There are 2 protein chains.
Amino acid sequence: MQQNGKKIALIGAGNVAWHLGQALAAAGHTISYVYSRTATHREALAAKLPAASPLAHLNLQHTATDCAIIAVPDAALATVAQELQVPENALVVHTSGSQPLQVLEQKPSIRAGVFYPLQTFSKEKPVDFSSIPILIEAQQEQTRQELKALAESLSQSVHMVSSEARKQLHVAAVFACNFTNHLLGISREILQQANLPHELLQPLIQETIAKATAFHPFIVQTGPAVRGDHNVLEEHLRLLQQQTGYRQLYELLSASIAATASQPPQ
Amino acid sequence: MQQNGKKIALIGAGNVAWHLGQALAAAGHTISYVYSRTATHREALAAKLPAASPLAHLNLQHTATDCAIIAVPDAALATVAQELQVPENALVVHTSGSQPLQVLEQKPSIRAGVFYPLQTFSKEKPVDFSSIPILIEAQQEQTRQELKALAESLSQSVHMVSSEARKQLHVAAVFACNFTNHLLGISREILQQANLPHELLQPLIQETIAKATAFHPFIVQTGPAVRGDHNVLEEHLRLLQQQTGYRQLYELLSASIAATASQPPQ
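As the structure is a computational prediction, the values presented were derived from the model and not from experiment.

**Student:** How do you make sense of the relation of the copies chain A and chain B when you look at a structure like this?
**Tutor:** The pair of chain copies shares a relation made of a rotation about an axis and a shift along it. Each copy of the sequence occupies a distinct position, and chain A is placed on chain B by a rotation of 180 degrees and an axial shift of 0.0 Å, giving an RMSD of 0.1 Å. Overall, the copies show the geometry of a two-fold rotation axis. Taking C-alpha positions as the reference, the residue of chain A nearest the rotation axis is Thr180(A), at 2.7 Å. A share of 100% of interface residues in chain A that are also interface residues in chain B marks the association as one of identical surfaces.

**Student:** Where do I start with the pairing of strand E2 (residues 30-35) of chain B in this structure?
**Tutor:** Strand residues, when the strand is regular, have side chains that alternate between the two faces of the sheet. All names here are of chain B. With five of six residues buried, E2 lies mostly within the body of the structure. By the bridge criterion, five bridges tie strand E1 (residues 7-11) to E2 in an arrangement that is parallel. Note on E2: the bridge partner recorded for Ile-8 is Ile-31. In this fold, E1 hands off to helix H1 (residues 15-26), which returns the chain to E2; that crossover is right-handed. The pairing of E2 with strand E3 (residues 53-55) spans three bridges and is classified as parallel. Paired with Tyr-35 across the two strands is Leu-55, which belongs to E3. Taken together, E2, helix H2 (residues 39-48) and E3 constitute a β-α-β crossover, and its handedness is right-handed.

**Student:** Before we go on, may I ask you to explain the interface of chain A and chain B in this structure?
**Tutor:** Think of interface size as the accessible area that goes away when the parts come together; that is how it is often given. At the interface, 86 residues of chain A touch 86 residues of chain B. For the pair chain A and chain B, the two sides together bury roughly 8,400 Å², of which 70% comes from carbon and sulfur. Residues Glu235(A) and Lys167(B) are paired through a salt bridge, measuring 2.8 Å at the closest nitrogen-oxygen approach. Counting across the interface, chain A meets chain B through 24 residue pairs in polar contact (both at pLDDT 80 or more). Within the residue set of the side of chain A that touches chain B, elements represented by two or more residues are helix H5 (163-193), helix H6 (202-214), helix H7 (224-227), helix H8 (230-239) and helix H9 (244-262) of chain A. In terms of residue count, the dominant contributor to the side of chain A that touches chain B is H5(A) (27 residues). When the residues that make up the side of chain A that touches chain B are grouped by side-chain class, the tally is 46 nonpolar, 28 polar and 12 charged.

Thresholds, definitions, all that
- Along each chain, residue indices are assigned from 1 in the same order as the chain's sequence is written.
- All chains are assigned letters beginning at A, and all ligands numbers beginning at 1, according to the order in which they are written.
- In keeping with the predicted nature of the model, local features appear solely for residues at pLDDT of at least 70, side-chain atom pairs appear and are counted solely at 80 or more, and the whole-chain, interface and lining totals rest on all residues.
- Working from all heavy atoms in the structure, the side-chain values ignore hydrogens and water.
- The copies were overlaid by least squares, fitting only the C-alpha atoms of residues that reach a pLDDT of 70 or more in each copy.
- Note on contacts: a residue pair qualifies if any of its non-hydrogen atoms lie within 4.5 Å across the two residues.
- Burial classes follow relative accessibility: with a 1.4 Å probe on protein chains only, a residue under 20% of its type's maximum area counts as buried, one over 50% as exposed, and anything between as partly exposed.
- Only runs of H or I of at least four residues qualify as helices and only runs of E of at least two qualify as strands under DSSP, and these elements are numbered from the N terminus.
- Two strands are said to pair when DSSP picks up at least two bridges between them.
- Whether a crossover is right-handed depends on one test, that the path from the first strand over the helix to the second runs clockwise when the strands point away from the viewer.
- Two parts placed together each lose some accessible area; with a 1.4 Å probe, that loss summed over both constitutes the buried area.
- In what follows, salt bridge is the name for a side-chain nitrogen of Lys or Arg lying within 4 Å of a carboxyl oxygen of Asp or Glu.
- Two N or O atoms form a polar contact when they lie within 3.5 Å of each other; inside protein one atom must be a possible hydrogen donor and the other a possible acceptor, and for residues adjacent in sequence the pair counts only when both atoms belong to side chains.
- When residue character is reported, Ala, Val, Leu, Ile, Met, Phe, Trp, Tyr, Cys and Pro are called nonpolar, Asp, Glu, Lys and Arg charged, and the others, Gly included, polar.

Here's what the structure looks like:
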């Protein structure tokens, strides 16, 4: 265990808690408790962690907990935070991209913070925490420093970001991750309808991302919409005429590309 | 030079011709001519190719050309094909994703084909042709075999694809490449407005693509829309209220994700 190893209670056993708990344990911290409403969930994650007990309630007042990390769905966060009881001076942080720090400050005595790992997590897929940006926030300088040390024990990319900026970042992440994923799904469906293997598009997708990383994407935009190639646009809309949803997306995205092309970024 | 090296005339000196010409020369073919309407363009590309002369007209009838590769904008393709004159028995192919083979068959004597490298090309960025899918098409078996050999001299991923299926593939590529790039551009703009470095989102983008490659993207969809998290959706729409275009995209993409979630792929 590292010298500054913390005694941590994980509140939640979903995708974020699953990966974060194991990464924290690997970094030398002690995960003492795993709380989840669902017995199988808390037991499954506790079994992955050397020193953890599954916990069915939220009263940690008489435990040796340094830090409680709340990783529950946004909708449950306020209620869980309200119910949670921790020892005096323990940190209480949440891992949400969209929730403000305030949601934890209903209890004024609490040393509250945000500890948001900016990544998409699925239980099936291991992740390397060392490159995941961790965005932290706290009111008090002492709390900030402790959270920073905790985050730096996992990742080389630690950033102090306010609740307001984190919200903007979360919107940006929805565009870059959730919406992008949906478009990749649509392209896969279209290939399947044409009986073409989805692997055909992989080199194109890889190169698109490589280029969008090396340059501002608006600068390297290609395709019929940015060229103003109306013949191709109309042909594509004709091909999509049976798929109203895809067709609407095609139209709106093409219009957005055309509008951006006429006003490039500075 | 490899044994079956072809004598090739490149008709066009844009992004596709730029990379394709150099890859063909490296594979042992001889690029004898580079045609472009613009003198600086044909001269710049010819200078990159050991045996090439810049060409200001489209009459190749009395040259030793085995194959003319037309890599011009879609809108110019029919006119260029009509003007182009090649020796008897020479192949004439185009490199367009959206144009049918037919566009070359106005002259019935021609051995026409399609030679479509499925990739996004920019002059600044080198590409590795060996992994780029090349989609070929021709009416005659002999022509098909010659095109296949030509394509296989560049790439390990060569596919016979009909004009109709290639059109579908092109639509899918617009979703996977052009639209995805646009969304990445929007996310970058949003980060910039919040004074956050765009590198913050890179690990998330990489992981999104890795996941969407390993699984069907619809199966691994994450985010507020697929969770039906209306609080976050409304908060994000509020944050985007000054940016009508982004807001419309956010709404339509979220609705599309929600609709897909209720009807997952088979």
